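Residue-level structural notes
The residues making up each chain are set out below.
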Amino acid sequence: MIIILCAPSGSGKSTMVKHLLTTYPNRYELSISCTTRAPRGQEVNGREYYFITREEFEKKIQEGAFVEHEQVYEGLYYGTLRSEIERIQQAGHTPIFDIDVKGGINLKRLFGDEALSIFIAPPSIEELSKRLHGRGDTSEEMIQKRLAKANIEMADACHFDVTIVNDDLQRAKKELEEKIARTKE
Ligand code: 5GP
C-alpha cells in the first residue's frame, strides 16, 4: 500500500506526516520529491527534497523518471520519482507522499486500490486565514494567494478516499491512524 497525504497550505499536513514518520519509523518512509526551488532554512538535499536545477528536472521528465510532476507554484517544479517508491518498498516500508492536491489525485489514479489518498482539511477558510497570519513568516500577498488556492483545492476533497478535518491536532492524528488501520484490515 502507499499513503498519499494532501491538503491546502496551512492545514497541518506536514505535522500529520511527521507524526506518522516519527511514531512508526520502521513502518513508513517519506517519498523524497525533486524540486527546482531553493532549500529553505535547515533543509538538506536528499532529506526534505532532492534540490535540482530546471535543466536536471527537464532531463528527468524526458527520461520518464517521474510518476507525476507539477508546477506547484509559478516557475517552481515538483516531482515524484519512480525510484523512490521502489527504494522504500524494497526496504519493506510503506511509502508516504506529501504532495499537492493535483499530484495526489494523479497518483491515486495510477495506484488505484493500492493507494489510500487522504485529504487534510482546515476547519474553515477563516480558520486557515488565521493560521497563516499567525505564522508571521509569510507576506500578505502570499497569504492571499494561498487562500485563493486553498478555496479551489477544497473543492477537490471529493476525489480523495478519506477527508480528515484538522480542527484539533491530537484528534486528527488519532483519526489518521484509525483510517489507515481500517484500510489495512
Ligand atoms: P514546499 O515548497 O512548501 O515544500 O511545498 C509546496 C507544495 O508542493 C506542497 O503542497 C507539497 O506537498 C507539494 N509537493 C512536494 N513534493 C511534490 C511532488 O513531488 N509532486 C507534487 N505534485 N507536489 C509536491
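Residues numbered from 1 in each chain as written. Predicted model: local features only at pLDDT ≥ 70, side-chain atom pairs only at ≥ 80, totals over all residues. Heavy atoms only, no water.

**Considerations on the packing of aromatic side chains**
Operational definition: Centres within 6.5 Å are what make two rings of Phe, Tyr or Trp a pair, Trp counting through its six-membered ring; a difference in plane orientation under 30 degrees is then read as stacked, over 60 as edge-to-face, and the rest as tilted. In this scheme, the term charge over a ring applies when either NZ of a lysine or CZ of an arginine sits within 6 Å of the ring centre and within 35 degrees of the ring normal.
Counted according to the given criterion, the structure contains 6 aromatic pairs. Aromatic ring contacts, followed pair by pair, group Tyr49, Phe51 and Tyr78 into a single cluster. The positively charged end of Arg27 is found above the aromatic ring belonging to Tyr24, 4.2 Å away from the centroid.

**With respect to the side chain of Thr36**
Formally: Under the DSSP-based scheme used, a helix requires at least four consecutive residues in state H or I and a strand at least two consecutive residues in state E, with every element numbered from the N terminus. As used in this structure description, the phrase polar contact means that two N or O atoms lie within 3.5 Å; if the pair is within protein, one of them must be able to donate a hydrogen and the other to accept it, and residues adjacent in sequence are counted only when both atoms belong to side chains. Whether two residues are in contact is decided by their heavy atoms, any of which lying within 4.5 Å being enough.
If you trace the backbone, Thr36 turns up in the loop between strand S3 (33-35) and strand S4 (49-51). Of note is the side chain of Thr36, whose polar atom sits 2.9 Å from the backbone nitrogen of Tyr77. The residues contacting Thr36, other than those within four sequence positions of it, are Ile52, Thr53, Arg54, Phe57, Gly75, Leu76 and Tyr77.

**Digging into the site of the ligand**
Basically, it comes down to this: Here a residue counts as near a molecule or strand whenever at least one of its heavy atoms sits within 4 Å of it. Residue burial considers only the protein chains on display, and all accessible areas are found by Shrake-Rupley using a 1.4 Å probe.
By nearness alone, 16 residues border the ligand, and Ser33, Arg37, Tyr49, Glu68 and Tyr78 come closest of all. A distance of 2.7 Å separates an oxygen atom of the ligand from a polar atom in the side chain of Ser33. For the ligand, the accessible surface in isolation is 510 Å², of which the surrounding protein chains cover 89%. Elements represented by at least two residues in the shell around the ligand include exactly strand S5 (66-73) and strand S6 (76-81). The element that contributes the greatest number of residues to the shell around the ligand is S5, accounting for 4 residues.

**Focus on the pattern of salt bridges**
Heads up, the rule is: Note on definitions: salt bridges are taken to be side-chain nitrogens of Lys or Arg within 4 Å of carboxyl oxygens of Asp or Glu. Think of it in three bands: residues with accessible area under 20% of the maximum for their type are buried, residues over 50% are exposed, and the middle band is partly exposed, with areas taken using a 1.4 Å probe on protein chains only.
The full count for this structure, using the stated rule, is 17 salt bridges. Residue Glu43 pairs with Arg37 through a salt bridge whose shortest N-O separation is 2.8 Å. With respect to burial, Glu43 and Arg37 carry one shared label: buried. Between Glu48 and Arg47 there is a salt bridge; the shortest N-O distance is 3.0 Å. One salt-bridge network, held together by shared partners, links Asp167, Arg171, Glu175 and Lys179.

**A closer look at the sheet that holds strand S9 (residues 162-165)**
We count it as follows: Two strands make a pair as long as DSSP finds a minimum of two bridges between them. Each axis is a line fitted through C-alpha atoms, taken for helices only over the stretch in contact, and angles between the N-to-C directions span 0 to 180 degrees.
The sheet built from 5 strands is open, its strands ordered S2-S7-S1-S8-S9 with parallel pairing. Across the chains shown, the open sheet's two edge strands, defined by having one partner strand only, are strand S2 (28-30) and S9. Looking at each pair of strands side by side, their axes are set apart by 25° on average, direction ignored. For S2 and strand S7 (residues 94-98), the ladder comprises 3 bridges, and the chain directions are parallel. Within S7, the position partnered with Glu29 by the bridge is Pro95.

**Re the environment of Glu74**
Examined against the element boundaries, Glu74 turns out to sit in the loop between S5 and S6. Sequence spacing of Glu74 and Asp137 is 63 residues, and the spatial spacing of their C-alpha atoms is 20 Å.

**Here's the deal with the sheet that holds S5**
Each strand in a sheet pairs with another by means of backbone hydrogen bonds, the pair being arranged parallel or else antiparallel. The strand order across the open sheet built from 4 strands is S4-S3-S6-S5, with neighbouring strands paired in mixed fashion. Every interior strand has two partners, whereas the edge strands, S4 and S5, have only one. Looking at each pair of strands side by side, their axes are set apart by 25° on average, direction ignored. As defined by bridge partners, S3 adjoins S4 across 3 bridges and the pair is classed as parallel. For Ser33, the partnering residue across the bridge sits in S4 and is Tyr49.

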